[in-house]
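# What the coordinates show
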Amino acid sequence: MRHLALTLAAATLAVTLAGCGKTGSGSQPAGGTQAAAPAPLSDAEKAALQAKLPAPYNTADLSNGESKFALCSACHTLPEGGPNMTGPNLHGVFGRKAASLEGFAYSDALKATGWTWDAAHIDTWITDPKVAAPGTKMTFAGLKDAKDRTDVIAYLMVQTGYKP
């Protein structure tokens, strides 16, 4: 019975990773060892970073942003040096030219936008990616609530190395 449970757990993990465009291998850095994850930010560190953000992000609800970002985390990672998944790693996204992260295959639609990622472009993008860049590969349906988008953007700013 224990063997069956372990087999089912391994199969579930494999299916979950495959759904994100990942297999159990290939997400490790060269050399075969897993990179150590950075320590999570403390609440005090998050508050200090958020206080430096421009309005309205400096008063956003980071807990709600983190909760809503859970929808994104199936395809995106945030830590510096984190792997690309179905979507690219988002560390350092603010100020980066759209569709420019090395090692990720972007859609022609996103490449054609010519955007540099800032809060306004991310807001447009996460409202409805298929409207923002018709022909995009991104399957996310979008966040329709403006407050949720503000909270997610603030969360991204705090978690991805945003420099005001």
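Residues numbered from 1 in each chain as written. Predicted model: local features only at pLDDT ≥ 70, side-chain atom pairs only at ≥ 80, totals over all residues. Heavy atoms only, no water.

## Quick notes on helix H7 (residues 146-159)
- Counted at 1.5 Å a residue, the expected span for H7 with its 14 residues is 20 Å, and the 20 Å between its end C-alpha atoms agrees.
- Burial of H7 is extensive: 11 of the 14 residues sit out of reach of the surface.
- If you check which residues of H7 are buried, you get Asp148, Arg149, Thr150, Asp151, Val152, Ile153, Ala154, Tyr155, Leu156, Met157 and Val158.
- Tucked inside the fold, the buried residues of H7 contact helix H2 (43-51), helix H3 (62-69) and helix H5 (119-127).
- At the N-terminal end of H7, a side-chain oxygen is found 3.0 Å from the backbone nitrogen of Lys147, two or three residues along, and the residue is Asp145.
- One or two residues past the end of H7 sits Gly161, with phi positive at roughly 80°. (Helix = DSSP H or I, 4+ residues; strand = E, 2+ residues; numbered from the N terminus. Expected span 1.5 Å × (residues − 1). Buried < 20%, exposed > 50% of the residue type's maximum accessible area, 1.4 Å probe, protein only. Contact = heavy atoms within 4.5 Å. Polar contact = N/O pair within 3.5 Å; in protein donor to acceptor, adjacent residues only side chain to side chain.)

## Digging into the pattern of salt bridges
- Within the structure shown, the criterion is met by five salt bridges.
- A salt bridge links Lys144 to Asp128, with the nearest nitrogen and oxygen atoms 3.6 Å apart. Taken together, the residues span a long stretch of sequence, with Lys144 in the loop between helix H6 (129-132) and H7 and Asp128 in the loop between H5 and H6 at a distance of 16 residues.
- When its relative accessible area of 56% is taken as the criterion, Lys144 is described as exposed.
- Linking Asp151 and Lys147 is a salt bridge whose minimum nitrogen-to-oxygen distance equals 2.9 Å. Placement of the pair is Asp151 and Lys147 together in helix H7, with a separation of four residues, close to one helical turn.
- By relative accessible area, which is 47% here, Lys147 ends up partly exposed. (Salt bridge = Lys/Arg side-chain N within 4 Å of Asp/Glu carboxyl O.)

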